[in-house]
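# Geometric and topological summary
If you want the building blocks of each chain, they are given just below.
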Amino acid sequence: MSINNYAMIPARFGSQRLKLKNLALIDDKPLIYYAIKAAKQAGCFKKIIINSDHKIFKKIADKYGVDFYLRKKSLGKSLVQSDHIVRDFILRFPEADIVSWVNPI
């Protein structure tokens, strides 16, 4: 039996302290790219999914060959707890046996 180990990379569009931090360029690549790269290099994930409240991250997911999940806007607010984001993700991907939170920062 194979285990469905999914990497979830959360990417909130409305960052409070540093605006658009996940899109900030480092060596001509958006910051979130490095989380994608690390997840791919780990070699243990069946799927790598950017989980965001904004469609702009779909373009990044497509560019770097990972999946994208557009969560509800209400889950993109600064006071939303991580547990709510994970719960929503698990409900959307019930086939995942393991969900690993991979921080983009």
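Look up: the structure comes first, before these words.
Residues numbered from 1 in each chain as written. Predicted model: local features only at pLDDT ≥ 70, side-chain atom pairs only at ≥ 80, totals over all residues. Heavy atoms only, no water.

Across all of its chains, the model carries one salt bridge by this definition. A salt bridge links Lys-58 to Asp-62; its shortest N-O distance comes to 2.8 Å. Separated by four residues within a single helix, Lys-58 and Asp-62 lie in helix α2 (residues 56–63), roughly one turn from each other. According to the relative accessible area criterion, Asp-62 is partly exposed, its value standing at 47%. (Salt bridge = Lys/Arg side-chain N within 4 Å of Asp/Glu carboxyl O. Helix = DSSP H or I, 4+ residues; strand = E, 2+ residues; numbered from the N terminus. Buried < 20%, exposed > 50% of the residue type's maximum accessible area, 1.4 Å probe, protein only.)

What follows covers the packing of aromatic side chains. Within this structure, the stated rule accounts for six aromatic pairs. Their ring planes at 80° and their centres at 5.7 Å tell us that Tyr-69 and Phe-93 sit as a pair that is edge-to-face. In this pair, Tyr-69 sits in strand β5 (residues 67–70) while Phe-93 sits in the loop between α3 (82–92) and β6 (98–101), placing the two residues 24 residues apart along the sequence. Take Tyr-69 and Phe-93: they sit in the same class, and that class is buried. Note on Phe-89 and Phe-93: the rings are 4.7 Å apart at their centroids and 40° apart in plane angle, and the pair reads as tilted. (Phe/Tyr/Trp six-rings, centres within 6.5 Å; stacked < 30°, edge-to-face > 60°.)

Our next topic: the sheet that holds β6. Strand order in this open sheet of four strands is β5-β4-β1-β6, and the pairing throughout is parallel. On the outer flanks of this sheet lie β5 and β6, each paired with one strand and no other. The sheet shows a mean angle of 30° between the axes of neighbouring strands, direction not considered. As paired elements, strand β1 (residues 5–11) and β6 share four bridges and run parallel to each other. (Pairing = 2+ DSSP bridges. Axes fitted to C-alpha atoms, helices over the stretch in contact; angles between N-to-C directions.)

Quick look at the side chain of Asn-4 now. Structurally, the position occupied by Asn-4 is in the segment before β1. A relative accessible area of 13% means that Asn-4 is categorised as buried. Here the side chain of Asn-4 touches Glu-95 through a polar contact of 2.9 Å, landing on its backbone oxygen. Every residue in contact with Asn-4, bar those within four places of it in the chain, is listed here: Lys-46, Glu-95, Ala-96, Asp-97 and Ile-98. (Polar contact = N/O pair within 3.5 Å; in protein donor to acceptor, adjacent residues only side chain to side chain. Contact = heavy atoms within 4.5 Å.)

Taking 1.5 Å per residue as the helical rise, helix α1 (residues 31–42) with its 12 residues ought to reach 16 Å, and the 18 Å between its terminal C-alpha atoms agrees with that figure. Of the positions making up α1, those classed as buried are Leu-31, Ile-32, Tyr-33, Ala-35, Ile-36 and Ala-39. Buried-residue contacts for α1 involve β1, β2 (25–26), β3 (29–30), β4 (47–52) and α2. Taken from the residues just after α1, Gly-43 is the one with a positive phi, measuring 70°. (Expected span 1.5 Å × (residues − 1).)

It is worth spelling out the nonpolar core at this point. Grouped together as the largest cluster of nonpolar side chains are 18 residues, with contacts concentrated most on Ile-9, Ile-32, Ile-36, Ile-48, Ile-50, Phe-57 and Ile-60. Those elements that provide at least two residues to this core are β1, α1, β4 and α2. The dominant element in this core, judged by the number of residues it contributes, is α1, at five residues. With sequence-adjacent residues up to four places away left out, Ile-50 is seen in contact with Ile-9, Ala-11, Ile-32, Ile-36, Phe-57, Ile-60, Ala-61, Val-66, Asp-67, Phe-68 and Tyr-69. In this structure, Tyr-6, Ile-49, Tyr-69 and Ile-85 belong to the second largest nonpolar core, which totals eight residues. (Core = buried A, V, L, I, M, F, W, Y, C linked by side-chain atoms within 4.5 Å.)

These values are about where atoms sit, not about what they do.
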